[in-house]
Amino acid sequence: MIRIRKSAVGSVLFFLISTGLFASEESMIRESVRQYTQGIIIASKKDRVEHMEPFATEKRAQKLMIWMKSWHENNYFMDSSIEKIDFGPIRIDKEKATVTTQERWRWRYIQIVTKEVSQPWTQSDYAMQYNLVKIGPRWKVDDAKILSEKETPLLKVKK
């Protein structure tokens, strides 16, 4: 009888610890995606993709750098904010994870030299899929795909 109780207590403790760790992994993944999206905003304003190192793999950071450099070489930078991010299910398979999100962004392009707004404020609603990998104790975004996008201009363009 005592063995059964110890076994039952051990099983319950194992279940609580393992589900607690799983919940912790999910919260770490959500936080990594939040930091990644905020990192894009900061990196694009400061032209410093190195800022993404804690949140993105080197492969993903290189893609972001190319994307940002293309704006900057044309004398533009993106001014943006993320207004909301809702997380869908998170799938974890050992050191890899996938999560989908629904995101609402607000953005515009500004000419670097003249500070003239070249693209007025636009709202974009995205369905995104992020693939993450665990590197050491951290989850990093390895790939991001736009699953769907809807843009809504917030200001009329003056002609």
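Before any of the text, the structure's been laid out above.
Just so it is clear, the structure is predicted and the values come from calculations on it, not from any experiment.

The next point concerns the side chain of Thr57. Its place among the elements puts Thr57 in the loop between helix 1 (2-46) and helix 2 (58-73). The contact partners of Thr57, leaving out residues within four places of it in the chain, are Val133, Ile135, Lys140, Val141 and Asp142.

In sheet architecture, strand pairing relies on hydrogen bonds along the backbone and comes in two forms, parallel and antiparallel. Taken together, four strands build an open sheet; the order of strands is 1-2-3-4 and the sheet is antiparallel. Each having just a single partner strand, strand 1 (76-93) and strand 4 (138-153) make up the two edges of the open sheet. Across the sheet, the mean angle separating the axes of adjacent strands is 20 degrees when strand polarity is ignored. Sheet topology note: the strand 2 (residues 96-111)/strand 3 (residues 117-135) ladder contains 14 bridges and is antiparallel.

If you check the backbone angles, Asn75 has positive phi at about 65 degrees while not being a glycine. Looking at where Asn75 falls in the secondary structure, it is placed in the loop between helix 2 and strand 1. Of note, the phi angle at Lys115 is positive, near 65 degrees, even though the residue is not glycine. Assignment of secondary structure puts Lys115 in the loop between strand 2 and strand 3.

Attention shifts here to the pairing of strand 4. Where strand 3 meets strand 4, 14 bridges bridge the pair, whose relative direction is antiparallel. Bridging from a neighbouring strand, Val133 pairs with Lys140 of strand 4. Hairpin connection, strand 3 to strand 4: the antiparallel pair is bridged by two residues, and Gly136 has positive phi, about 65 degrees.

Right, let's talk about the nonpolar core for a bit. Within the largest apolar cluster, 28 residues are counted, with the highest numbers of intra-cluster contacts made by Tyr36, Met52, Tyr130 and Leu132. Those elements that place two or more of their residues in this core are helix 1, helix 2, strand 1, strand 2, strand 3 and strand 4. The dominant element in this core, judged by the number of residues it contributes, is helix 1, at six residues. With near-sequence residues (within four places) excluded, Tyr36 lies in contact with Met52, Phe55, Ala56, Arg60, Leu64, Tyr130, Val141 and Ala144.

Right, let's talk about the pairing of strand 1 for a bit. Examined bridge by bridge, strand 1 and strand 2 share 15 bridges and lie antiparallel to one another. Paired with Ile85 across the strands is Glu103, a residue of strand 2. Between strand 1 and strand 2, which follow one another and run antiparallel, lie two residues, and Lys94 among them has a positive phi close to 60 degrees.

Its 16 residues place the ends of helix 2 22 Å apart at the C-alpha level, agreeing with the 22 Å of an ideal helix rising 1.5 Å per residue. Among the residues of helix 2, those classed as buried are Arg60, Ala61, Leu64, Met68, Trp71 and His72. Projected down its long axis, helix 2 carries its buried residues within an arc of 105 degrees, all on one side. Residues Glu58, Ile66 and Glu73 are exposed on helix 2 and point more than 90 degrees away from its buried face. Phi turns positive one or two residues past the end of helix 2, at Asn75, with a value near 65 degrees.

Reading guide: rules and limits
Residues numbered from 1 in each chain as written. Predicted model: local features only at pLDDT ≥ 70, side-chain atom pairs only at ≥ 80, totals over all residues. Heavy atoms only, no water. Helix = DSSP H or I, 4+ residues; strand = E, 2+ residues; numbered from the N terminus. Contact = heavy atoms within 4.5 Å. Pairing = 2+ DSSP bridges. Axes fitted to C-alpha atoms, helices over the stretch in contact; angles between N-to-C directions. Core = buried A, V, L, I, M, F, W, Y, C linked by side-chain atoms within 4.5 Å. Buried < 20%, exposed > 50% of the residue type's maximum accessible area, 1.4 Å probe, protein only. Expected span 1.5 Å × (residues − 1). Arc of directions from axis to C-beta.

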